[in-house]
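Topology and contacts: notes
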Amino acid sequence: MTSIQHSRIDALLAGLDLAAKIGLLSGEGLWALPARPEIGLARMVLSDGPAGVRGDESAADVPAIQLPGPTALASTWDPELARRVGRLLAQESRRKGVHVLLAPAVNIQRSPLGGRHFEFFSEDPLLTAELGVAYVSGVQEGGVAATVKHFVANDSETDRFTVDVRVGERALREIYLAPFEAIVRRARPWAVMSAYNTVNGVPMTSHAALNAVLRREWGFDGVLVSDWTAARDTVANALAGLDIAMPGPDTVYGDALLEAVRDGRVPAGVVEEMAGRVLRLAARVGALSGAEPAVPPADLPPRLDGRAVAREVATRSITLVRNENDVLPIDAARVGRIALIGSAAAEPRTIGGGSITVHPERVVSPLAGLRAALPPHVELTYTPGVALQATLAPLRGRFEAIFRDRHGRVLASVPLADASAWWRGDPPPGVGLEALASLELRGNFVPTASGVHTFGIAGLGHFEFSVDGAQRYEGEQEMGGSDPAGVFFRPPETRHEVELRAGQPVLVQVRATSFAPGSLGFSLNHEEPSETPEETIRAAVVAAAGADVAVVVVGTTEEIESEGFDRTSLDLPGRQDELVARVAAANSRTVVVVNTGAPVTMPWREEVPAILLSWFGGQEIGAALADVLLGVAEPGGRLPTTWPKQQRDVPVLSVRPVDGELAYDEGVFVGYRAWQRAGAEPAYWFGHGLGYTEWAYDALSVSPDPGDDLARVRVGLRNTGTRTGREVVQIYLAPAEPDGARPDSWLAGFAVTTAAPGEAVHAEVVIAQRAVESWDTPGHCWRKVPGSYRILVGRSQSDIRQETLFEVGA
Ligand code: BGC
């Protein structure tokens, strides 16, 4: 921020009266901050994030580039790639008129049951921090504000608006605040989002940590924005330093804040500072005329090809956790038939559920990707195995949404690309909510199969459903559960069976006549007539038995893995475990692809020769997966989180508050730190991931850092296999004398390197001082812990190749 900008902001503030300043502090709707043309302030648009840019209501139908989700990005262990992702998201933001991206989410994967596990990077604070720093830098190099969220300890979803997380100061500092601290200090984000939850009795939107830690201790100079509806206390929020209450226009700021200033509960100077920070944000993102944006147009980074980035991240994130007898890669020249199995192979989950969701122009499914990549002599069969979608997808086809007033007059009519008629922001032009009496969805549907079709009506309110003029259902649908955002994630659905004949078109109509506030719309979902579950599994087993290789894609559904609620089980839904076991028994060359954002249990793990984790891999996942299966590319991923054998082994599991409190009793022992302490053996440790080549680690040297850091580690390694490969060299520190108070070992640095067959390379890793510091709770400060440390170098927590001792002086 230049001094010219400072003085311009001061001058503008001097010209605004109190009410006008307060007007800057609430959203003008769901996704924007209001314009003030008289001072040259443009409307600023905010958008989720983090795996694509949705845009405001006006951009909702404009397709987005849908990138692999954060757990996938974290699996690359590649900050350079995360930075490129940030730049692409800035480019997407600019295309969609977005100034502020509501990302990244750098909460910690504390329990694998956490509903937004897929949206966070890792169970480890250092890996989270390194990716977060790079991501935020990339976004802001593109002139768009990043919003680091959710500050802090919003690591699970149960009762997320009210839960009081009880966590000690040391765990907060060393685990939960650590990524925020690194990002604020190193990447200088222009915004931070305060979380819904309470920490140690104080809601985060009122927490002293906003000003004391974020601003004064770490030097954060951006805006603090509430999570959506999290600002609930005018005076406490303003005094704590929360600048913006979202969404608007009705928030705890506005008139209530005006009154609080007038009667002296909030000093006018506090509002002045809040408004000044909003104007500074506007200046940075180019929304304040006369102020130079942080990145002038001439300095914007070169254009990126969105699809290419999505494919590259997907390829590098795919994690090979098991590969017996070199079943992978598949040599296409030597196979005649591949059996692709699993409904997720045709309809993969490419992004998590909830606010992260963005709709791409196209999705390359594993089925389409493999079909395009295989040479003509290879026959590819596809069988769904298990019908996975417990939630039905909207009926495909062209439909129309017709809005009428109570006299039946048409207020607006909107063409739809499928039978989903949702308006999550403003209603379409011409539709006033006071005048609206009904919303009708209508269109012709031509069945491709004869039999009993299942229709689902998902939404809140009163509905009538008819087929060819005959009414099939009329009823009221109400919301279960307490999460007000639930209507977006899991609206109530009723199911209706209708017998139809293939090729015979029918007119389908759904009419809604009552509307829940803030959720205008519904969808008409559909499922084709299906065989029995036993028949579909049997068909998959037959296909596998007749093929050279079977590839089974298994996964979660949006019903069990999404924002808004936690999982209750780590098992794969439906009969997928049985499907894998039966396919593996029929074909010894069975490859399983796991399409989830978070760990699941895999009881068949040792019965199949190969397992790939494809995460929520974004729109290009099928192309990336085909490359990896066929060896065109190496699976580059390493686990950012530990995967258990069975749920009961997980040392930190519960996400269920007791009397409103969720106790982080484990302190700093989270993720692999907890597994080490429990002495338990997971299925796959943090950091694990195989490639298609072999590595020998040789020379290791460690020297004290001549600057402010602790040490420099230099590792020599050689690619001893037959293919070019990419290696993630991981450095862990372990106190030579375990002290019980600290974990057995922890990640202290990492580096990515590539080498051709036979080639020797070096990886250089700088270890920061923080790696040997611990938070001193009574003293409220960091303290170096002197002594002997083992420096462990290897491929994962469980595959250490070299070690040496390092002395840390007092
Ligand atoms: C989520 C945020 C998101 C916001 C706006 C909230 O429910 O927690 O991550 O940015 O909604 O969609």
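Above this text is the structure in question.
To start, this report covers the structure provided alongside it.

Criteria and cut-off values
- Starting from 1, residues in each chain are numbered consecutively following that chain's sequence as written.
- Under the rules for a predicted model, residues below a pLDDT of 70 receive no local features and side-chain atom pairs below 80 are neither given nor counted, while totals for whole chains, interfaces and linings still include all residues.
- Only hydrogens and water are removed before side-chain values are computed, so all heavy atoms of the structure are retained for them.
- Runs of E in the DSSP output that reach at least two residues are strands. Runs of H or I that reach at least four are helices, and both are numbered from the N terminus.
- Only C-alpha atoms enter the radius of gyration; for comparison, a globular chain is expected to reach 2.2 Å times N to the power 0.38, where N is the number of residues.
- Exposure categories follow from relative accessible area, calculated using a 1.4 Å probe and restricted to protein chains: below 20% of the type maximum is buried, above 50% is exposed, and the middle band is partly exposed.
- Contacts are assigned to residue pairs with any non-hydrogen atoms lying within 4.5 Å of each other.
- Shrake-Rupley sampling with a 1.4 Å probe provides the accessible areas, and residues are treated as covered by the protein chains on show and by no other component.
- Any residue with a heavy atom lying within 4 Å of a molecule or strand is counted as near it.
- Any N or O atom pair separated by 3.5 Å or less is treated as a polar contact, with the protein-specific requirement of one donor-capable and one acceptor-capable atom, and with residues adjacent in sequence counted only for side-chain atom pairs.
- Classes in brief: Ala, Val, Leu, Ile, Met, Phe, Trp, Tyr, Cys and Pro nonpolar; Asp, Glu, Lys and Arg charged; the others, Gly included, polar.
- Among the buried residues, those of types Ala, Val, Leu, Ile, Met, Phe, Trp, Tyr and Cys that are joined through side-chain atoms within 4.5 Å form a nonpolar core.
- Working definition: rings of Phe, Tyr and Trp (its six-membered ring) pair if their centres are within 6.5 Å, and the pair is stacked with planes under 30 degrees apart, edge-to-face with planes over 60 apart, and tilted otherwise.
- In this scheme, Lys NZ or Arg CZ marks a charge over a ring once it lies within 6 Å of the ring centre and within 35 degrees of the ring normal.
- When DSSP finds at least two bridges between two strands, those strands are taken to pair.
- To get an axis, a line is fitted to the C-alpha atoms, and for a helix only the part in contact is used. The angle between two axes follows their N-to-C directions and goes from 0 to 180 degrees.
- Should an angle fall under 35 degrees it is called roughly parallel, over 145 degrees roughly antiparallel, and 65 to 115 degrees roughly perpendicular, with every other angle called oblique.
- The salt bridge definition used is simple: a Lys or Arg side-chain nitrogen within 4 Å of an Asp or Glu carboxyl oxygen.
- Here a crossing is taken to be left-handed if its near helix is turned anticlockwise relative to the far helix by less than a right angle, and right-handed if that turn runs clockwise.

Quick look at the overall build of the protein
- Within the protein, the regular secondary structure consists of 19 helices and 36 strands.
- Taking 810 residues into account, the globule formula puts the C-alpha radius of gyration at 28 Å, and the protein, at 27 Å, falls close to it.
- Dimensions of the protein along its principal axes, counting C-alpha atoms only, are 85 × 80 × 55 Å.
- The proportion of buried residues among the 810 residues of the protein is 61%.
- Partitioning the contacts of the protein with sequence separation of at least 6, the portion at a separation of at least 24 is 76%.
- Counting only carbon and sulfur atoms, one obtains 50% of the accessible surface of the protein, whose full area is about 29,800 Å².

Re the site of the ligand
- Among the 13 residues in the neighbourhood of the ligand, the closest are listed as D48, R116, H150, Y196 and D227.
- Here H150 contributes a side-chain N or O atom positioned 2.7 Å from an oxygen atom of the ligand.
- Here Y196 contributes a side-chain N or O atom positioned 2.8 Å from an oxygen atom of the ligand.
- In the complex, the protein chains occlude 95% of the 310 Å² of accessible area that the ligand would expose alone.
- Looking at the shell around the ligand residue by residue, the classes come out as five nonpolar, two polar and six charged.

Comments concerning the nonpolar core
- Counting 161 residues, the largest nonpolar core has F151, Y176 and L257 as its most contacted members.
- The biggest single contributor to this core is helix α11 (residues 268-284), with nine residues.
- Setting aside residues no more than four positions away along its own chain, Y176 makes contact with I108, R110, V152, D155, V167, A171, Y664, E666 and V670.
- L340, A344, L374 and L380 belong to the second-largest nonpolar core, a separate cluster that totals 33 residues.

A closer look at the packing of aromatic side chains
- Taken as a whole and judged by the stated rule, the model has 18 aromatic pairs.
- Both rings, one in Y672 and one in Y732, keep their centres 6.2 Å apart while their planes meet at 85°; by these two values the pair is edge-to-face. Taken as a pair, Y672 in helix α19 (residues 672-678) and Y732 in strand β30 (residues 725-735) lie far apart in primary sequence, 60 residues in all. Assigned by exposure class, Y672 and Y732 land together as buried.
- When the ring centre of F669 is taken as reference, the NZ or CZ atom of R677 above it lies at 4.1 Å.
- If you follow R770 out to its NZ or CZ, it ends over the ring of W782, 3.6 Å from the centre.

Quick look at the sheet that holds strand β28 (residues 695-704)
- If you trace the three strands from one edge of the open sheet to the other, you get β28-β29-β32, paired in antiparallel fashion. Because the sheet does not close on itself, it has two edges, and the strands there are β28 and β32 (760-767). Averaged over all pairs of adjacent strands, the angle between their axes in this sheet comes to 20°, without regard to strand direction.
- Relative to β32, strand β29 (residues 711-719) runs antiparallel, the two sharing eight bridges. Looking at the pairing, R712 lines up with V766 of β32.

What to know about the packing of helix α6 (residues 169-176) against helix α7 (residues 178-187)
- Relative to each other, α6 and α7 sit at 55°, their axes nearing to 5 Å. What the angle tells us is that α6 and α7 run oblique. When α6 is examined against α7, the residues L172, R173, E174, I175 and Y176 are found in contact with a partner set consisting of A178, P179 and F180.

Some remarks on the pattern of salt bridges
- Following the criterion strictly, the structure yields 56 salt bridges and no others.
- E217 serves as the salt-bridge partner of R173, at 2.8 Å between the closest nitrogen and oxygen. Taken together, the positions of R173 in helix α6 and E217 in helix α8 (residues 209-217) put the pair 44 residues apart, joining distant regions of the chain.
- Here R173 falls in the buried class, since its relative accessible area comes to 8%.
- Across the salt bridge formed by D263 and R265, the nearest N and O atoms sit 2.9 Å from each other.
- Judged by relative accessible area, R265 falls into the partly exposed class, the value being 42%.

Thoughts on the environment of D48
- Structurally, the position occupied by D48 is in the loop between β2 (44-47) and α3 (70-75).
- Sequence-distant contacts of D48, that is, excluding residues within four places in its chain, are made with W31, V53, R54, L101, L102, K149 and S355.
- Here the side chain of D48 touches K149 through a polar contact of 3.3 Å, side chain to side chain.

Overview of the environment of T251
- Within the fold, T251 resides in the loop between α9 (234-240) and α10 (254-262).
- Spatially, the C-alpha atom of T251 lies 30 Å from that of S523, the residues being 272 residues apart in sequence.
- If near-sequence neighbours (up to four positions away) are discounted, T251 is found in contact with S26 and A245.
- Side-chain polar atoms of T251 contact the backbone nitrogen of Y253, separated by 3.0 Å.

Observations regarding unusual backbone geometry
- With an omega dihedral of -10°, the bond running from K149 to H150 counts as a cis peptide bond.
- Here H150 is to be found in strand β4 (residues 145-151).
- Residues G248 and P249 are joined by a peptide bond in cis, for which omega reads 0°.
- With respect to the helices, strands and loops of the structure, P249 is situated in the loop between α9 and α10.
- Unlike most non-glycine residues, A153 shows phi in positive territory, near 65°.
- Position of A153 relative to the elements: it lies in the loop between β4 and β5 (164-166).

Topic: the environment of D577
- Summarising the element assignment, D577 is placed in helix α17 (residues 576-586).
- Expressed as a C-alpha distance, the spacing of D577 and R605, which sit 28 residues apart in the sequence, is 9.9 Å.
- Setting aside residues up to four positions removed in sequence, D577 forms contacts with L572, T601, P603 and W604.

Quick word on the pairing of strand β33 (residues 773-776)
- As judged from the four bridges shared by β33 and strand β34 (residues 781-784), these two strands associate in the antiparallel manner. Opposite D776, over in β34, you have C781 as the bridge partner.
- Counted along the chain from β33 to the antiparallel partner β34, the turn is four residues long, and its residue H780 has a positive phi close to 50°.

Side note on the packing of helix α14 (residues 366-373) against helix α18 (residues 621-629)
- Axis separation between α14 and α18 bottoms out at 7 Å; the angle between their running directions is 50°. It follows that α14 is oblique to α18 by the angle criterion. As α14 runs across α18, the sense of the crossing is right-handed. Touching P366, G369, L370 and A373 of α14 are G622, A623, L625, A626 and L629, all from α18.
- Class assignment of the residues belonging to the contact of α14 with α18 gives a composition of seven nonpolar, two polar and no charged.

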